[in-house]
Amino acid sequence: MPRKILVVEDNKDLARLLELHLRDLNYDVDLTFDGDAGWAQISSTHYDLIMLDLMLPGIDGLEICRRIRTQPSYTPILMLTSKSTELDRVLGLEFGADDYVTKPFSIRELMARVKAIFRRIDELQSDRRSDTPALIRAADLVIEPLRREVSLAGKTIDLTAKEFDLLLHFARNAGRAFTRAQLLDEVWGYGHDGYEHTVNSHINRLRAKIEANPAQPDYILTVWGVGYKFAEFDR
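Here is a short report on the structure shown in this document. Predicted, not measured: the structure shown is a model, and the values here were computed from it. (Residues numbered from 1 in each chain as written. Predicted model: local features only at pLDDT ≥ 70, side-chain atom pairs only at ≥ 80, totals over all residues. Heavy atoms only, no water.)

1. Points about the environment of Ile203
Structurally, the position occupied by Ile203 is in helix 8 (residues 196-210). The spatial distance from the C-alpha of Ile203 to the C-alpha of Leu166 is 8.2 Å, given a sequence separation of 37 residues. Among residues more than four places away in sequence, those in contact with Ile203 are Leu166, Phe170, Leu183, Ile220 and Tyr228. (Helix = DSSP H or I, 4+ residues; strand = E, 2+ residues; numbered from the N terminus. Contact = heavy atoms within 4.5 Å.)

2. A short note on the side chain of Glu163
Tracing the backbone through its elements, the reader meets Glu163 in helix 6 (residues 161-172). Overall, the relative accessible area of 0% leaves Glu163 in the buried class. Polar contacts involving the side chain of Glu163 include one to the side chain of Arg205, which spans 3.1 Å. (Buried < 20%, exposed > 50% of the residue type's maximum accessible area, 1.4 Å probe, protein only. Polar contact = N/O pair within 3.5 Å; in protein donor to acceptor, adjacent residues only side chain to side chain.)

3. As for the pattern of salt bridges
A side chain of one charge can pair with a side chain of the opposite charge when the charged atoms of the two come close. All told, the structure shown has 18 salt bridges when counted by the stated rule. The residue Lys4 makes a salt bridge to Asp28 at a minimum N-O spacing of 3.3 Å. With a gap of 24 residues between them, Lys4 in strand 1 (residues 4-8) and Asp28 in strand 2 (residues 28-32) connect regions that are remote in the sequence. Judged by its relative accessible area of 26%, Asp28 falls in the partly exposed class. Arg113 is the salt-bridge partner of Glu109, the closest N and O atoms lying 2.5 Å from each other. Remark: Arg113 and Glu109 occur in helix 5 (residues 107-129); sequence separation between them is 4 residues, near one turn of the helix. Within this structure, Lys4, Asp28 and Asp30 form a network of salt bridges that share partners. (Salt bridge = Lys/Arg side-chain N within 4 Å of Asp/Glu carboxyl O.)

4. As for the sheet that holds strand 8 (residues 149-152)
One open sheet holds the 4 strands; their spatial order is 6-7-8-9, and the pairing between them is antiparallel. Of all the strands in the sheet, just strand 6 (136-138) and strand 9 (155-157) have a single pairing partner and so form its edges. Ignoring strand direction, the axes of neighbouring strands in this sheet form an average angle of 25 degrees. Here strand 6 runs beside strand 7 (residues 141-144); their pairing, made up of 3 bridges, is antiparallel. Within strand 7, the residue paired with Arg137 across the bridge is Val142. Sitting on the sheet, helix 6 is in contact with strand 6, strand 7 and strand 8, with an inclination near 110 degrees to strand 7. (Pairing = 2+ DSSP bridges. Axes fitted to C-alpha atoms, helices over the stretch in contact; angles between N-to-C directions.)

5. Topic: the sheet that holds strand 2
The strand order 2-1-3-4-5 describes an open sheet built from 5 strands, whose pairing is parallel. Two strands lie at the open edges of the sheet, namely strand 2 and strand 5 (99-102), each paired on one side alone. Geometrically, the sheet is characterised by an average inter-axis angle of 15 degrees between neighbouring strands, direction not taken into account. The pairing of strand 1 with strand 3 (residues 49-53) spans 4 bridges and is parallel. Bridge assignment links Leu6 to a residue of strand 3, and that residue is Ile50. Across the sheet, helix 1 (residues 12-24) lies against strand 1, strand 2, strand 3 and strand 4 (77-81), angled at about 175 degrees from strand 2, the strand it touches most.

6. Here's the deal with the packing of helix 2 (residues 35-44) against helix 3 (residues 61-69)
Relative orientation of the contacting elements helix 2 and helix 3 amounts to 15 degrees, with a least axis distance of 10 Å. What the angle tells us is that helix 2 and helix 3 run roughly parallel. Where helix 2 crosses over helix 3, the handedness of that crossing is right-handed. Facing Gly35, Trp39 and Ile42 of helix 2, the residues of helix 3 in contact are Ile64, Arg67 and Ile68. Grouping the amino acids of the contact of helix 2 with helix 3 by side-chain chemistry returns 4 nonpolar, 1 polar and 1 charged. (Parallel < 35°, antiparallel > 145°, perpendicular 65-115°, else oblique. Left-handed = near helix turned anticlockwise from the far one by under 90°. Nonpolar A, V, L, I, M, F, W, Y, C, P; charged D, E, K, R; others polar.)

So, in structure tokens, the structure goes:
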């Protein structure tokens, strides 16, 4: 069965353009043009991905995102917005969005991000069917891939979807140094010049949440002239 995507976007021309390109990739696509109609669809239909504009008539995108994240089942969210400030971006991610695209955007890049989200979902489902360890331990840090939960010294750490993906990728490859471009390609699913700041901002937020002293990190280490790596611990 083709994956089912809901696009909630009040710009009808843009919504129909997205529908055209998504259908070219063999996705089943529904469109709604305001927040109230979008939430009604979400409440009544299962979707594999929701592409959600931040600024909508009726219920806004952040509120819809918040409501989705209170539901027991996990549905990926890709935020679409004309707002580009760091605060707006962080708000979208903190409310639980898996990724964030600022208008105007490249359709090619957007389709790459959609594929990356589905690739992550497929990997998670593969983990559930395989003998992948249920827990990853690194000193006081515990990562539960299947439940997508992280704790530090017994205390739950709240991470955004992408922060969790990044941390899990690091922890599964402890000791290996990654460039920013490699992290973009392997965690985000795309690599474009000028997006390295995305990696930096996520690592800064991760360090603020899991490091006792972010300026002298114990887990996510800077490899000068290369990028970053996760420290190796006795498991």
